[in-house]
Amino acid sequence: MPLAEELTNLFQRDLTRLVQELQAFSSEETLWAIVPGISNPAGNLFLHLDGNMREYIGRQLGGVDYVRNRDLEFGSGPIPTAELAQRIEALPPLITRIVSGLPDGVMDANYPEVIGGLRLSTRQFLIHLSGHLNYHLGQIDYLRRVLTGNGAVKFAQL
């Protein structure tokens, strides 16, 4: 199976899970609640993942018009859940469409931007982005469980 197809499947699964996590929050209040010792509410982590995916895959690899404001991802106050849901629910089709269309030549080439002072291949950076998504997905899940008292989300099978 080509790497683009494997990565497409992983992004589809994990972005679908991100949507499911957002839907599992019991209220807007819990979505934006801050837990002692944790500086970011789940709402800001959702915004961060949205900005991250739209910038690094949508704009850089897919040519989608987007201007990222990373400071607002972590600094904005609560936004309505419906607005956040609209953003997050648009990610799976956008990201999987772009990743699935990447030819091997693009995967093997340098990613368009130097990241953290390193020149990475697109392949390496997409693997990194998948890990980054999962890291924050786990944080969101844990925050939701702590704040709502609910257990694991029964994820849809893909």
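A.B. asks: Could you clarify how one ought to interpret helix H6 (residues 91-100) in this entry?
C.D. replies: Since the α-helix turns once every 3.6 residues, residues separated by three or four places project in the same direction. A large share of H6 lies buried, amounting to seven of its 10 residues. Residues Leu91, Pro92, Leu94, Ile95, Thr96, Ile98 and Val99 constitute the buried set of H6. Those residues of H6 that are buried lie in contact with helix H1 (3-24), helix H3 (42-59), helix H5 (81-89) and helix H8 (122-148).

A.B. asks: Please clarify how the pattern of salt bridges should be interpreted in this entry.
C.D. replies: When the charged atoms of two side chains with opposite charge come close together, those side chains can pair. A complete count under the given rule lists nine salt bridges for this structure. Here Arg13 makes a salt bridge to Asp14, at a shortest N to O gap of 2.7 Å. We classify Arg13 as partly exposed; its relative accessible area is 29%. Owing to a relative accessible area of 0%, Asp14 belongs among the buried residues under this scheme. Two residues, Glu21 and Arg144, come together in a salt bridge whose shortest N-O distance is 2.6 Å. Here Glu21, found in helix H1, pairs with Arg144, found in helix H8; they are 123 residues apart in sequence, far enough to count as distant. For Glu21, a relative accessible area of 0% puts it in the buried group.

So, how was this worked out
- Residues numbered from 1 in each chain as written.
- Predicted model: local features only at pLDDT ≥ 70, side-chain atom pairs only at ≥ 80, totals over all residues.
- Heavy atoms only, no water.
- Buried < 20%, exposed > 50% of the residue type's maximum accessible area, 1.4 Å probe, protein only.
- Helix = DSSP H or I, 4+ residues; strand = E, 2+ residues; numbered from the N terminus.
- Contact = heavy atoms within 4.5 Å.
- Salt bridge = Lys/Arg side-chain N within 4 Å of Asp/Glu carboxyl O.

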